[in-house]
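# Commentary on secondary and tertiary structure
Here is what each chain is made of, one letter per residue.
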Amino acid sequence: MKAPLRRREVVTALLKDRSGLLVVAGLGSTAWDITAAGDVPLNFPLWGAMGNAAMIGLGLALAQPARRVLVITGDGEMLMGLGSLATIGVQQPANLSVVVIDNERYGETGMQATHTAWGADLARVALACGFKSAQQIRAAGKLAALRAAIHGGKGPHFAQVKVLAEKLPLVLPPRDGGLLKSRFRKALLGGRSELD
Amino acid sequence: MKAKDWPDQVYETLKGAGVRQVGYVPDAGHKRLIELCRADKQLKSVVLSTEEEGIGLAAGAWLGGARSALLMQSSGVGNCINALGMMQECRIPLLMLITMRGQFGEFNPWQVPMGQATPGVLTAMGVVVHEANTGARIPAAVDTAARLAYGSYQSVAVLISQAVIGIKSFQDQAAR
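What comes next concerns the included structure. Just so it is clear, the model here is predicted, and its values are computed rather than measured.

## Side note on the sheet that holds strand β4 (residues 94-99) of chain B
Residue and element names in this part refer to chain B. Strand order across the open sheet formed by six strands is β2-β1-β3-β4-β6-β5, with parallel pairing between neighbours. The open sheet has two edge strands, β2 (44-47) and β5 (128-132), and neither has a second partner. Averaged over all adjacent pairs, the angle separating strand axes in this sheet is 20 degrees, with direction ignored. With five bridges joining them, β5 and strand β6 (residues 155-160) adopt parallel strand pairing. Note that in β6 the partner of Val129 across the bridge is Ala157.

Right, here's the structure in full:
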C-alpha cells in the first residue's frame with residue numbers, strides 16, 4: 001500500500017505555477033489549503049455559503065470563458081451541493097474544473113465521517129452528470145496529468161482526490177467578504193471593476 | 001404593448017440592464033420569460049436543480065464581471081436563505097424575479113406558508129423587496145430593482161403577484 005496523499009501537498013502541486021488560474025475554495029479545510037499555497041487576489045476562499053463553491057465556479061467560468069477556473073472543495077461541501085454537478089453537466093463549461101479533496105470527514109466540526117467514508121463515489125456522480133472527465137485519485141503520480149487538465153484540457157473536469165484525514169495548522173485567508181470580492185475583481189478585471 | 005406582454009418587456013429590461021447570465025428554476029409564471037432568455041444566444045441561461053444554486057451562480061458571475069438575474073417561484077426563496085448571507089457579506093449585487101404562490105386564491109395549501117413568509121424571509125436576509133401587483137407595473141419594478149442592485153450593490157427581489165400570474169387550479173384540471 002502506497003502512502004496516502006496529503007491534502008496540502010496535493011493542493012500545492014495543483015496550484016504550482018498557476019499563472020492566471022482563477023480559484024474558488026469551499027469553506028473550511030480547502031480554504032486553508034489554498035491559502036497555505038499562497039494568499040493571492042485570484043483566490044476566492046469561502047467562509048460560508050456551504051454547498052455553493054461549484055456554482056460560484058460555474059458563474060465565473062461562464063463569465064470568463066477565456067480563463068481557466070478551478071474549484072477546490074471538500075467532500076462535505078460537495079455533498080451539500082451535489083445538484084450543481086448536474087447543472088454544470090448541462091452547461092459544459094470547457095474551462096472549469098472541480099477538485100474535491102476527500103478526507104471522508106467533516107474536518108472543522110470534529111472529524112465526523114461523511115458519506116464518502118461509506119463509499120459515496122463523487123467521481124461517478126460527476127461522470128453520470130456529463131463531466132468530460134471524472135476520476136478518483138489516490139496516487140501522487142496522477143497529479144501532474146490532473147494539473148495539466150485544469151490548466152488546458154477541454155472540461156468540465158472533475159477529480160475526487162482521496163487524502164489522509166489529518167488535522168493541520170490553520171492558514172487563514174482574510175475573512176472580510178467585501179475585501180475578498182473586490183481584490184479578486186480588481187486582479188481579474190483591472191481598475192475599471194471599481195467603477196462598475 | 002399590453003400588460004399581459006410583461007415578460008417580453010422584462011426581457012428587454014434585463015437586456016438593457018446588461019444582464020448576461022440568467023439562472024432559473026422553472027415556474028409557470030416565468031414560462032414566457034424563460035423561453036425568451038433561452039432563445040437569446042447572447043445570454044447564458046442556466047437551469048438550476050435548486051434555487052440556492054442561483055445565488056452561487058450570481059456570485060461567480062459578478063466575480064467574473066458579469067451581471068445576472070435569477071428567476072424562481074416563492075417556494076424557492078426558502079432554499080436560498082443561507083446563501084443570501086454571502087451576497088450581503090460580500091456586497092455582491094443580486095437581482096431576483098420571484099413569481100408568487102400561496103397568495104391570492106391559492107388552491108394548494110402547501111404553498112401558503114412559504115408564500116406568505118416570502119417577503120419577511122427576504123427582508124430578514126437583507127434583501128430589498130419590490131412588489132409588483134399588476135402586469136403593467138412589472139417592467140418598471142424590474143428596471144428600478146436592477147438599478148438598485150447594480151448601482152448600489154444590493155440584493156433586490158421583485159415579487160410578481162399571484163394576481164398577475166393567475167390561480168392554478170388542480171381541481172379544474174382534474175375535472176377536465
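Now, onward.
## Focus on the sheet that holds strand β8 (residues 157-162) of chain A
Residue and element names in this part refer to chain A. Ordered in space as β2-β1-β3-β4-β8-β7, the six strands form an open sheet in which the pairing is parallel. Each edge of the open sheet is held by one strand with a lone partner, namely β2 (43-45) and β7 (133-137). The mean angle between the axes of side-by-side strands here comes to 15 degrees, regardless of whether they run parallel or antiparallel. Taken together, the six bridges between strand β3 (residues 69-74) and strand β4 (residues 96-102) define a ladder with parallel strand orientation. If you follow Leu70 over to β4, its bridge partner there is Ser97. Helix α1 (residues 7-15) contacts β3, β4 and β8 of the sheet and is inclined by roughly 165 degrees relative to β4.

## Here's the deal with helix α7 (residues 143-152) of chain A
Residue and element names in this part refer to chain A. Within α7 the residues assigned to the buried category are Leu146, Arg147, Ala149 and Ile150. Summarising the axial view, the buried residues of α7 lie within an arc of 160 degrees, below the 170-degree limit, and thus occupy one face. Along α7, exposed side chains directed more than 90 degrees from the buried face belong to Ala144, Ala148 and Gly152. Contacts from the buried residues of α7 go to α1, β3, β4, β7 and β8.

## Describing the nonpolar core
The biggest cluster of nonpolar side chains holds 107 residues, and the ones touching the most others in it are Val99 of chain A together with Ile98 and Val158 of chain B. Here the element with the most residues in this core is helix α3 (residues 53-63) of chain A; it accounts for nine residues. In this view, Ile98 of chain B contacts Met72, Gln73, Ser74, Val77, Thr118, Ala157, Val158, Leu159 and Ile160 of chain B; residues no more than four positions away in its chain are not counted.

## Let's talk about helix α2 (residues 29-36) of chain A
Every α-helix winds through 3.6 residues per turn, so residues three or four apart in the chain are directed the same way. Residue and element names in this part refer to chain A. Of all eight residues in α2, six are buried; the element is thus mostly enclosed. Residues Ser29, Thr30, Ala31, Trp32, Asp33 and Ile34 constitute the buried set of α2. One or two residues past the end of α2 sits Gly38, with phi positive at roughly 135 degrees.

Conventions we followed
Per-chain numbering applies: the sequence of each chain, read as written, is numbered from 1 onward. Here chains are named by letter from A upward and ligands by number from 1 upward, in the order in which they appear as written. With the structure being a predicted model, the display of local features is reserved for residues of pLDDT at least 70 and the display and counting of side-chain atom pairs for 80 or more, all residues being used for whole-chain, interface and lining totals. Think of it this way: DSSP has to see at least two bridges between two strands before they count as a pair. Only runs of H or I of at least four residues qualify as helices and only runs of E of at least two qualify as strands under DSSP, and these elements are numbered from the N terminus. Only the contacting stretch of a helix is used when fitting its axis, a line to C-alpha atoms as for every element, and angles between N-to-C directions run 0 to 180 degrees. Placing a C-beta atom from the backbone of each residue, one calls two residues in contact when those atoms lie within 7 Å. Neighbour counting defines burial: a residue surrounded by 20 or more other C-beta atoms within 10 Å of its own C-beta is buried, one with 12 or fewer is exposed, and intermediate counts give partly exposed, using backbone-placed C-beta atoms. Here the arc refers to the set of directions running from the helix axis out to each C-beta atom. Put simply, a nonpolar core is a cluster of buried Ala, Val, Leu, Ile, Met, Phe, Trp, Tyr and Cys residues tied together by C-beta atoms within 7 Å.

Purely geometric numbers; function is a separate question.
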